[in-house]
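Okay, here's what each chain looks like letter by letter:
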Amino acid sequence: QVQLVESGGGLVQAGGSLRLSCAVSGRTFTVYPMGWFRQAPGKEQEFVAAISWSGDSTDYADSVKGRFTIARDNAKNTAYLQMDNLKPEDTAIYYCAARTSFTRLTVYPDEYNYWGQGTQVTVSS
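Described in the following lines is the structure provided in the data block.

Conventions we followed
Residues numbered from 1 in each chain as written. Predicted model: local features only at pLDDT ≥ 70, side-chain atom pairs only at ≥ 80, totals over all residues. Heavy atoms only, no water. Core = buried A, V, L, I, M, F, W, Y, C linked by side-chain atoms within 4.5 Å. Buried < 20%, exposed > 50% of the residue type's maximum accessible area, 1.4 Å probe, protein only. Helix = DSSP H or I, 4+ residues; strand = E, 2+ residues; numbered from the N terminus. Contact = heavy atoms within 4.5 Å. Phe/Tyr/Trp six-rings, centres within 6.5 Å; stacked < 30°, edge-to-face > 60°.

A few points about the nonpolar core
Of all hydrophobic cores here, the largest spans 34 residues; its most connected members are W36, L81, M83 and Y94. Elements supplying a minimum of two residues to this core: β1 (2–7), β3 (18–26), β4 (31–39), β5 (46–51), β7 (68–73), β8 (78–83), β9 (92–100) and β11 (119–124). The residues contacting M83, other than those within four sequence positions of it, are G16, S17, L18, L20, R67, F68, Y94 and V121.

Here's what the structure looks like:
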């Protein structure tokens, strides 16, 4: 089993920054790609970013490219999402996810095996 715990959410003004963290515990050696997703009220869950185990491959949703940066520190078993130039439309609950068994990055939530409980990000205008 793998457990994921997000932190770092909060309330920020438009144009501000936040850094989300996702701490991984349990069978951490089985985790390969990791991803971030978000869900705004009344909307479907959407892909935000993903990163390979080594960190040398990343993928971003078009809506966050150039503003968000995904990273990971395997020594600390932690993934990060640096969010800059935040916009009100970034308001959502943000979830981290881990994929085991396969190394390929994916934007599809069904292909991730473990999920955190989510952390709220609210951007005021």
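Moving on, there is more to tell.
A short note on the packing of aromatic side chains
For the structure shown, the criterion picks out four aromatic pairs. An angle of 80° between the planes, with centres 5.3 Å apart, marks the rings of F37 and Y112 as edge-to-face. Taken together, the residues F37 in strand β4 and Y112 in the loop between β9 and β10 (114–115) connect sequence positions 75 residues apart. With respect to class, F37 is no different from Y112; both count as buried. With 5.1 Å between their ring centres and 55° between their planes, F37 and W115 make a pair best called tilted. Residue F37 is found in strand β4, and its partner W115 is found in strand β10; the two are separated by 78 residues along the sequence. Residue class for W115 comes out partly exposed when judged on its relative accessible area of 30%. Within the aromatic cluster, the residues linked to one another by ring pairs are F37, F47, Y112 and W115.

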